[in-house]
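Topology and contacts: notes
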Amino acid sequence: MRFEENPLHIITPLLRSEALTQLLPGSKDVYLKMENCQIAGSFKIRGFGRLAQKLKEEGCEHLVAATSGNTGAAVAYASKLLGIPCTVYLPETSPDLCAQKLRLCGAEVKVVGTYFNQTQEHAIEHGKKPGAAYVNPSHPEIWAGHSTVVDEMVSQLPSKPSVIVVAVGDGGLLIGVLQGLKRAGWQDVPLLAMETYGTDCFNLSVKANKIVALEEITSIAKCLGSRTVDPHLLEIMPQYNILSEVVSDAQAVESCIRFADDEHAVVEPGCGAALAALYSGILERLHKEGKIPHLNSGPAVIIVCGGRSVSLQLLQEWAKQFNVPFPKPEQG
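Each chain has its residues counted from 1, running along the sequence as written. Totals for whole chains, interfaces and linings use all residues, but because this is a predicted model, local features are given only for residues with pLDDT of at least 70 and pairs of side-chain atoms are given and counted only at 80 or more. Processing note: side-chain calculations cover all non-hydrogen atoms of the structure and skip hydrogens and water entirely.

1. As for the overall build of the chain
Our working definition: Only DSSP runs of H or I with at least four residues qualify as helices, and only runs of E with at least two residues qualify as strands; both kinds are numbered from the N terminus onward. Our radius of gyration is a C-alpha quantity, and the globule rule it is checked against amounts to 2.2 Å times the number of residues to the power 0.38. Here the term buried applies to any residue with accessible area under 20% of the maximum for its type, exposed to any over 50%, and partly exposed to those in between, with areas from a 1.4 Å probe on protein chains only. Shrake-Rupley sampling with a 1.4 Å probe provides the accessible areas, and residues are treated as covered by the protein chains on show and by no other component. Working convention for charge: Lys and Arg count positive, Asp and Glu count negative, and His plus the chain ends are omitted. The atom standing in for a charge is NZ when the residue is Lys, CZ when it is Arg, CG when it is Asp and CD when it is Glu.
Summing up its helical and strand segments, the chain has 14 helices and 10 strands in all. Its C-alpha radius of gyration of 19 Å places the chain within 12% of the 20 Å reference for a compact globule of 332 residues. Taking the principal axes of the C-alpha coordinates as reference, the chain spans close to 60 × 50 × 45 Å. Burial statistics for the chain: of 332 residues in total, 57% are counted as buried. A total of about 14,100 Å² of accessible surface is found on the chain, and carbon and sulfur atoms cover 50% of it. Once the 29 positive and 35 negative side-chain charges of the chain are each reduced to a mean point, those two points are 1 Å apart.

What follows is the structure, encoded as structure tokens:
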């Protein structure tokens, strides 16, 4: 059986959120595509799992990845499921929790480089060794894997969505979603791309109409921490209706905390950027401005991209850092 017919990812739940529906007057419903339920904790197992399967089919005996967030977890889980070893390179700025969880998955972890591009260079060199393969995040198989999230929405949603909200890092998920929309005949569905200040390479590139590279990642949303967006995204953008918005780290953290309270799920600030479209009123503002005029035509969907580099302790620390209220345990 070819790898396309036996994916490593699962079909994730699509859940209606009463709390978020109440925050969006004029909309039909708000649905959450719960990619945090994937085995590796995020949507990335869709694309990176697919590419890992292809590489093994082609004779790869050792997977090599560079990551500042959830790519490593996806590759580590894929290698474990496929029965081949993997090495994950992390930049020195990565949280200790990230390295700990990768080792628990059986990955060899190497912490190298102040900046991600330095880390990536080491991983690429390692991938040139006999039997090894570097897992390239710009590989078309990754986009094809990510596109399956839309295939599932087509069968799960009661009707065509009025808007889809997605967080953007290097643009891989967004490219995959766009491919899925085209396959479904939903190219006209508005897509709201969310970033945090300090990871906003896509927003800056959209404004400049060319690739803009960040000098460094200054946001705590490390899983969105790409210095540049994939050039292919800017090439295909004109075919779709994409809106780009940026929120602060404080807004992302507050959204994570409110989401944990509302939906009983803990996600990273990168995912909080997408949730902030509702919790910070951005989607409602865009509707009032006429940029997303037909919210009542169908459900709004937020892709809850997930993430493993988070804990209640980290959320508390971030809440203190950004002066965001953190709920106290109820007494009694």
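2. Considering empty space enclosed by the protein
The criterion, for reference: A cavity here means a set of points on a 1 Å grid, drawn over the protein atoms and nothing else, where a 1.4 Å probe fits but cannot get out; a pocket is an open set with protein on both sides within 12 Å along at least five of seven lines, and a residue lines either one if it has an atom within 4 Å of a point. Grid points are joined across faces, edges and corners, and a volume is the space filled by probe spheres set on the points.
Counted by the stated rule, this structure contains 1 cavity of 30 Å³ or more. Looking at the largest cavity, its volume works out to about 80 Å³. Every residue lining the largest cavity is listed: Gly69, Asn70, Ala73, Tyr77, Leu97, Cys98, Lys101, Leu102, Cys105, Arg308 and Ser309. Mapped by element, the contributors of at least two residues to the lining of the largest cavity are helix 3 (71–82) and helix 4 (96–104). Sorting elements by how many residues they give to the lining of the largest cavity places helix 4 first, with 4 residues.

3. Some points on the sheet that holds strand 2 (residues 30–34)
For clarity, the cut-off: Strand pairing follows a simple DSSP-based rule, namely that at least 2 bridges must link the two strands. To obtain an axis, a line is fitted to C-alpha atoms, over the contacting stretch when the element is a helix, and the angle between two such axes runs from 0 to 180 degrees between their N-to-C directions. Here, two residues are considered to be in contact whenever any of their heavy atoms come within 4.5 Å of each other.
An order of 1-2-10-7-8-9 is seen for the 6 strands of this open sheet, with the pairing classed as mixed. In the strand order of this sheet, the two ends are held by strand 1 (14–16) and strand 9 (242–247), each with one partner. For this sheet, the mean angle separating the axes of adjacent strands, direction not counted, is 25°. Taken together, the 3 bridges between strand 1 and strand 2 define a ladder with antiparallel strand orientation. Across the sheet, the residue bridging to leucine 14 is lysine 33, located in strand 2. In this fold helix 11 (residues 249–263) packs onto strand 2, strand 8 (191–196), strand 9 and strand 10 (300–304), with an angle of close to 95° to the strand it touches most, strand 2. Its contacts with the sheet place helix 12 (residues 269–279) against strand 2, strand 7 (163–167), strand 8, strand 9 and strand 10, and it is angled at close to 125° to strand 8.

4. So, the nonpolar core
Generally speaking, a soluble globular protein has its nonpolar side chains buried in company with each other. Basically, it comes down to this: Joining through side-chain atoms within 4.5 Å is the link that ties buried Ala, Val, Leu, Ile, Met, Phe, Trp, Tyr and Cys residues into a set, and such a set is a nonpolar core.
Counting residues in hydrophobic clusters, the biggest one holds 77 residues, and the most contacted among them are Leu174, Leu178, Leu192, Phe202, Phe259 and Ile302. The biggest single contributor to this core is helix 12, with 8 residues. Discounting residues that sit within four places of it in the chain, phenylalanine 259 has contacts with Leu32, Met34, His264, Ala265, Val267, Leu275, Tyr279 and Val304. Ranked by size, the runner-up nonpolar core spans 30 residues in total, among them Ala52, Leu63, Ala73 and Ala76.

5. A few points about the layout of surface pockets
The criterion, for reference: Side-chain classes are defined by residue name, with Ala, Val, Leu, Ile, Met, Phe, Trp, Tyr, Cys and Pro counting as nonpolar, Asp, Glu, Lys and Arg as charged, and the others, Gly among them, as polar.
Reported here for the largest pocket is a volume of approximately 680 Å³. Those elements giving two or more residues to the lining of the largest pocket turn out to be helix 2 (44–57), helix 5 (116–126), helix 6 (140–146) and helix 8 (172–184). Split by residue class, the lining of the largest pocket holds 18 nonpolar, 19 polar and 5 charged.

6. With respect to unusual backbone geometry
Glycine aside, negative phi is the norm for most residues, and most peptide bonds take the trans geometry. Located in the positive-phi region is histidine 264, a residue other than glycine, with phi close to 60°. Residue position: histidine 264 is located in the loop between helix 11 and helix 12. Assessed through its relative accessible area of 70%, histidine 264 is described here as exposed. Of note, asparagine 323 is a non-glycine position whose phi angle comes to about 55°, a positive value. Here asparagine 323 shows up in the segment after helix 14 (312–321). Classification of asparagine 323 by relative accessible area gives exposed; the value is 71%.

7. Here's the deal with the environment of valine 267
Tracing the chain through its elements places valine 267 in the loop between helix 11 and helix 12. Setting aside residues up to four positions removed in sequence, valine 267 forms contacts with Asn36, Cys256, Phe259, Leu275, Val304, Gly306, Val310 and Leu315.

8. Quick notes on the pattern of salt bridges
Going by this rule: Any carboxyl oxygen of Asp or Glu within 4 Å of a side-chain nitrogen of Lys or Arg constitutes a salt bridge here.
Under the definition given, this model contains 14 salt bridges. Linking glutamate 18 and arginine 16 is a salt bridge whose minimum nitrogen-to-oxygen distance equals 2.6 Å. Residue glutamate 18 is classed as partly exposed on the basis of its relative accessible area of 40%. Arginine 285 is the partner of glutamate 289 in a salt bridge, and the nearest nitrogen-oxygen pair spans 3.4 Å. Through salt bridges with shared partners, a single network forms among Lys33, Glu35, Arg46 and Glu152.

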